[in-house]
Amino acid sequence: MTVFFIGAGPGDPELLTLKAARLIASCPVCLYAGSLVPAEVVAQAPEGAVVRDTASMTLDETHAEILAAEARGQDVARVHSGDPSLYGAIAEQIRRLKADGIGYEIVPGVPAYAAAAAALGQELTVPEVAQSIVLTRMSMKSTSMPEGERLEVFARSGATLAIHLGIRALREIERQLVPHYGAACPVAVVYRVGWPDQMILRGTLGDIREAVRAAKITRTALILVGPAMARENAFPESALYDAAKPHVLRPRALKPET
């Protein structure tokens, strides 16, 4: 048998990959994180399948379900939100699978930052404004952050920041980022991207905290910060399509028309 770690995307069932949908529809056991994965995503599990919401379960309990499936020779769809490689807590699950000699495969999914950018209708890497994206999080009550990965360390780069698990730490985010980005730096907060109750708030480092408080958002939101988040940006066009700049697929520069 095989355990398939499946990235279910941000919430919209139509953002499942074809492979993810096929595996969910064929595995006789489906374990999904119900706090972040809508029931509609796993509704296509086959008739008679064992379907368990693991939101309230411990690692030992979910692994016990996998061991039981292994004893029956049944494949398991282990469904996670977004992409499993980002804050998916799959490393410790994989460690146990290896210890027990159980095979596994990872199926990538649409990460929250990509879905948020799509919902915002903009690119996160703007020429000569920001060409890097930092995916990070606030520690809050979860595992502490390594010393070299503090938010203010990343802020020195001026890159676009995609901050997870930070909606209750906006005061601290503001404190650490304003010295580097300025209080007027644009911010977007995307709540439950891909879900029917998705909400988008735009503001600045100086005022987004009040907007979030007024909207009563306390969880399940991604924070995007950086100059690239401005809705109107004065920036040069990318060299990728510049007729005067040849590249391997367009080896000759084109002369401008007169």
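Everything numeric in this text was worked out from a predicted model, so none of it was measured.

Engineer: Please clarify how the overall build of the protein should be interpreted in this entry.
Structural biologist: Counting its regular elements, the protein contains 8 helices and 10 strands. Counting the 258 residues in the protein, one finds 39% classified as buried. Counting contacts in the protein only where the partners sit at least 6 residues apart, residues at least 24 apart contribute 66% of the total.

Engineer: What should I look at first to understand helix H5 (residues 112–120) in this one?
Structural biologist: For an α-helix the count is 3.6 residues per turn, leaving residues at separations of three or four pointing the same way. Buried within H5 we find Ala115, Ala116, Ala117 and Leu120. Those residues of H5 that are buried are in contact with strand E8 (186–191), strand E9 (199–204) and strand E10 (221–225).

Engineer: Help me out: how do you make sense of unusual backbone geometry in this one?
Structural biologist: It is generally the case that most residues other than glycine have a negative phi and that most peptide bonds are trans. A positive phi angle, near 55°, is found at Ala89, a position not held by glycine. Positive phi values are uncommon outside glycine, yet Lys216 reaches one of about 60°. Tracing the backbone through its elements, the reader meets Lys216 in the loop between helix H8 (208–215) and E10.

Engineer: How should I be thinking about the nonpolar core in this particular structure?
Structural biologist: The nonpolar side chains of soluble globular proteins are, as a tendency, buried together. Of all hydrophobic cores here, the largest spans 25 residues; its most connected members are Ile163, Leu177, Val189, Ile223 and Val225. Among the secondary structure elements, those contributing two or more residues to this core are helix H6 (151–155), strand E7 (160–164), helix H7 (170–181), E8, H8 and E10. The greatest single-element share of this core, amounting to 4 residues, is contributed by H7. If near-sequence neighbours (up to four positions away) are discounted, Ile223 is found in contact with Leu161, Ala162, Ile163, Gly166, Ile167, Leu170, Ile173, Val187, Ala188 and Val189. Counting 16 residues, the second largest nonpolar core, distinct from the first, contains Leu16, Ala20, Val37 and Ala77.

Engineer: Where do I start with the state of the cysteines in this structure?
Structural biologist: Disulfides are covalent bonds that link the sulfur atoms of two cysteine residues. This model, assessed by the stated rule, comprises 0 disulfides. Here Cys27 stays free of any disulfide, with the sulfur of Cys30 as its closest cysteine sulfur at 7.9 Å. Exposure remark for Cys27: the relative accessible area of 1% places this residue in the buried category.

Engineer: So what exactly am I meant to see when it comes to the pattern of salt bridges here?
Structural biologist: Two side chains that carry opposite charge are able to pair once their charged atoms sit near each other. Evaluated as defined, the whole model comprises 9 salt bridges. One salt bridge in this structure joins Arg150 and Glu147, with 2.8 Å as the shortest N-O distance. The exposure class of Glu147 is exposed, given its relative accessible area of 57%. When salt bridges with common partners are traced through the structure, they connect Glu147, Arg150 and Glu152 into a single cluster.

Engineer: How should I be thinking about helix H4 (residues 91–99) in this particular structure?
Structural biologist: Buried within H4 we find Gln93, Ile94 and Leu97. Mapping the buried residues of H4 onto a view down its axis gives an arc of 100°, with all of them on the same face. Projecting away from the buried face of H4 at angles above 90 degrees are the exposed residues Ala91, Arg95, Lys98 and Ala99. Tucked inside the fold, the buried residues of H4 contact strand E1 (2–7), helix H3 (59–72), strand E4 (76–80) and strand E5 (103–107). At the exit of H4 stands Gly101, carrying a positive phi of roughly 70°.

Engineer: Please explain the side chain of Arg192 as it appears in this structure.
Structural biologist: Within the fold, Arg192 resides in the loop between E8 and E9. You can call Arg192 buried: its relative accessible area is 15%. Setting aside chain neighbours within four positions, we find Arg192 in contact with Asp197, Gln198 and Thr220.

Engineer: I'm lost on the pairing of E8 in this one. Help?
Structural biologist: Both faces of the sheet carry side chains from a regular strand, because those side chains alternate between them. The buried fraction of E8 amounts to 6 of the 6 residues, a majority that puts the element mostly inside the structure. Because side chains alternate across E8, one face comprises the buried residues Pro186, Ala188 and Val190, and the other comprises Val187, Val189 and Tyr191, equally buried. Bridging between E8 and E10 involves 5 bridges; their strand directions are antiparallel. When the sheet's bridge partners are listed, Val190 is paired in E10 with Leu222.

Engineer: Just to check I follow, could you spell out the packing of aromatic side chains for this structure?
Structural biologist: Here a ring pair, both rings aromatic, is described through the centre-centre distance and the interplanar angle of the planes. Counting across every chain of the model gives 1 aromatic pair. Both rings, one in Phe5 and one in Tyr104, keep their centres 6.2 Å apart while their planes meet at 70°; by these two values the pair is edge-to-face. On the criterion of sequence distance, the pair formed by Phe5 in strand E1 and Tyr104 in strand E5 is long-range, its members being 99 residues apart. The cationic tip of Arg192 hangs over the ring face of Trp195; the distance from NZ or CZ to the ring centre is 3.9 Å.

Engineer: Can you help me understand the sheet that holds E8 in this one?
Structural biologist: Remark on secondary structure: sheet strands pair via backbone hydrogen bonds, oriented parallel or antiparallel. Spatial ordering of the open sheet is given by E6-E7-E10-E8-E9, a layout of 5 strands whose pairing is mixed. Only two strands of the sheet have a single partner each, and these edge strands are strand E6 (133–137) and E9. Averaged over all adjacent pairs, the angle separating strand axes in this sheet is 20°, with direction ignored. Pairing analysis gives 6 bridges linking E8 to E9, with the strands arranged antiparallel. Residue pairing for E9: Val189 is matched across the bridge by Leu201. Where H7 meets the sheet, it contacts E7 and E10, and its direction lies at approximately 170° from that of E7. Here H8 sits on the sheet and contacts E8 and E9; the angle it forms with E9, its principal contact strand, is near 155°.

About the cut-offs
Residues numbered from 1 in each chain as written. Predicted model: local features only at pLDDT ≥ 70, side-chain atom pairs only at ≥ 80, totals over all residues. Heavy atoms only, no water. Helix = DSSP H or I, 4+ residues; strand = E, 2+ residues; numbered from the N terminus. Buried < 20%, exposed > 50% of the residue type's maximum accessible area, 1.4 Å probe, protein only. Contact = heavy atoms within 4.5 Å. Core = buried A, V, L, I, M, F, W, Y, C linked by side-chain atoms within 4.5 Å. Disulfide = S-S within 2.5 Å. Salt bridge = Lys/Arg side-chain N within 4 Å of Asp/Glu carboxyl O. Arc of directions from axis to C-beta. Pairing = 2+ DSSP bridges. Phe/Tyr/Trp six-rings, centres within 6.5 Å; stacked < 30°, edge-to-face > 60°. Lys NZ or Arg CZ within 6 Å of the ring centre and 35° of its normal. Axes fitted to C-alpha atoms, helices over the stretch in contact; angles between N-to-C directions.

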